Amino acid sequence: MSGYYPYLLSGLPELDFGMDLSGFSYEEIYAQVVELLTPSDRAVLAFFLAFDTHGERVGEYLGLKDEEDKAQYLQDHALPAYQQKIFRASLSVLLYGEEDLKVDETPEDVERALLRIFDNAFYKAALRHGNAFVRKWFAFDGILKNTLVAFAARKQGRSPEEEFVEEASAPLLEWIKENLNEGDFGLKLRLAYAEDLFAALNLPDVFERECAIDRFRWKMAEEIVNGKDFQLDRVLCYMLQAGILRRWQKMDAESGRAYLREAVTEMRKVNLQGTDA
């Protein structure tokens, strides 16, 4: 197997952050990679990419009206174990911990609650995964995610407590909560890469900030996979970077700014509605 992964990667286009994306196709790359992976490696990749589909899965879950629908769904889809566990549970158990209780929340509240359940279940499984890159990447990604939550909440003058992914970075999350009033949430005392992270976060332009954060993520992925060219880790890193490029392919400098500003506006509306409730 020592030559398997270099062979696979050699047939794929070289990726670089900031490359010309006019001929880039994530879908073609994904299809080529999946075709060449072994079944066991394909399962690891499916898990690695599962977090990005949580919104879709939540919508599908809410559309399942009875146990027969759930059973059929599980039969039709090869889902990671943490998703199977969620789909086998009733909505009242997921929300209240008890069977057959009436769900009084609005559809929007239910959707948000389920998304948090999916997110927490994913990180709990990811941090115990058998693949080293999966564990290390999502350990980093969880810290980043909760830092971004705290940073955005502070800029908007609201509490971040209900938005944290509790399973994502348990020890450091408690540290962030204890240091919410610090400019860097105390992370420069705990993380070697915090200086680079906050250099990106403190950029005033929202588009440039998003670009800098993704460049930082790209760099961290490379550091995690350094020296592992003959392992599945390098393929996972490649697909992660391809996913970053797919995001930026959809945005140029002007349309991207408009998109991000619209997204921030909508996020603020949701948060204000939640506060009024």
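Above this text sits the structure in question.
The structure displayed is predicted, hence computed values, not measured ones. (Residues numbered from 1 in each chain as written. Predicted model: local features only at pLDDT ≥ 70, side-chain atom pairs only at ≥ 80, totals over all residues. Heavy atoms only, no water.)

### Points about the overall build of the protein
Heads up, the rule is: The way it works is that DSSP assigns letters per residue, a run of H or I at least four long becomes a helix, a run of E at least two long becomes a strand, and they are numbered from the N terminus. For every residue, the accessible area obtained with a 1.4 Å probe (protein chains only) is divided by the maximum for its type, and the residue is called buried under 20%, exposed over 50%, and partly exposed between those limits. When checking whether two residues touch, look at their non-hydrogen atoms; a contact exists if any pair is within 4.5 Å. Reported accessibility uses the Shrake-Rupley method at a 1.4 Å probe radius. Residues are deemed covered only where the shown protein chains occlude them.
In terms of helices and strands, the protein carries 14 helices and zero strands. The order of α-helices and β-strands along the protein, N terminus first, is α-α-α-α-α-α-α-α-α-α-α-α-α-α. Expressed as a percentage of the 277 residues in the protein, the buried residues total 44%. Sequence-distant contacts in the protein: of pairs separated by 6 or more residues, those separated by 24 or more amount to 62%. Working note: accessible area of the protein is about 15300 Å², and carbon and sulfur atoms make up 51% of it.

### Let's talk about the packing of helix 9 (residues 132-155) against helix 11 (residues 194-201)
Just so we agree on the cut-off: Inter-axis angles, ranging from 0 to 180 degrees, are taken between N-to-C directions of lines fitted to C-alpha atoms, where helices are fitted over the stretch in contact. Here the word oblique covers every angle except those under 35 degrees (roughly parallel), over 145 (roughly antiparallel) and from 65 to 115 (roughly perpendicular). Crossings are assigned a handedness: left-handed for a near helix turned anticlockwise from the far helix by less than a right angle, right-handed for a clockwise turn. Residues are grouped as follows: Ala, Val, Leu, Ile, Met, Phe, Trp, Tyr, Cys and Pro are nonpolar; Asp, Glu, Lys and Arg are charged; all remaining types, including Gly, are polar.
Close contact between helix 9 and helix 11 brings their axes to 12 Å; oriented N to C, the two are set at 40 degrees. Between helix 9 and helix 11, the crossing angle belongs to the class labelled oblique. Here helix 9 runs over helix 11; the crossing is right-handed. Together, Leu-144, Thr-147, Leu-148 and Phe-151 of helix 9 and Leu-197, Phe-198 and Leu-201 of helix 11 make up the contact between the two elements. Partitioned by chemical class, the residues of the contact of helix 9 with helix 11 number six nonpolar, one polar and no charged.

### What to know about the pattern of salt bridges
Side chains bearing opposite charge may pair, as long as their charged atoms lie close to each other. Selection rule: In the sections that follow, a salt bridge refers to a side-chain nitrogen of Lys or Arg positioned within 4 Å of a carboxyl oxygen of Asp or Glu.
Going through the model one piece at a time under the given rule, you end up with 14 salt bridges. Between Arg-112 and Asp-109 there is a salt bridge, with its nearest N and O atoms 2.5 Å apart. With a gap of three residues between them, Arg-112 and Asp-109 both fall in helix 8 (residues 107-126), about one helical turn apart. Judged by relative accessible area, Arg-112 falls into the partly exposed class, the value being 39%.

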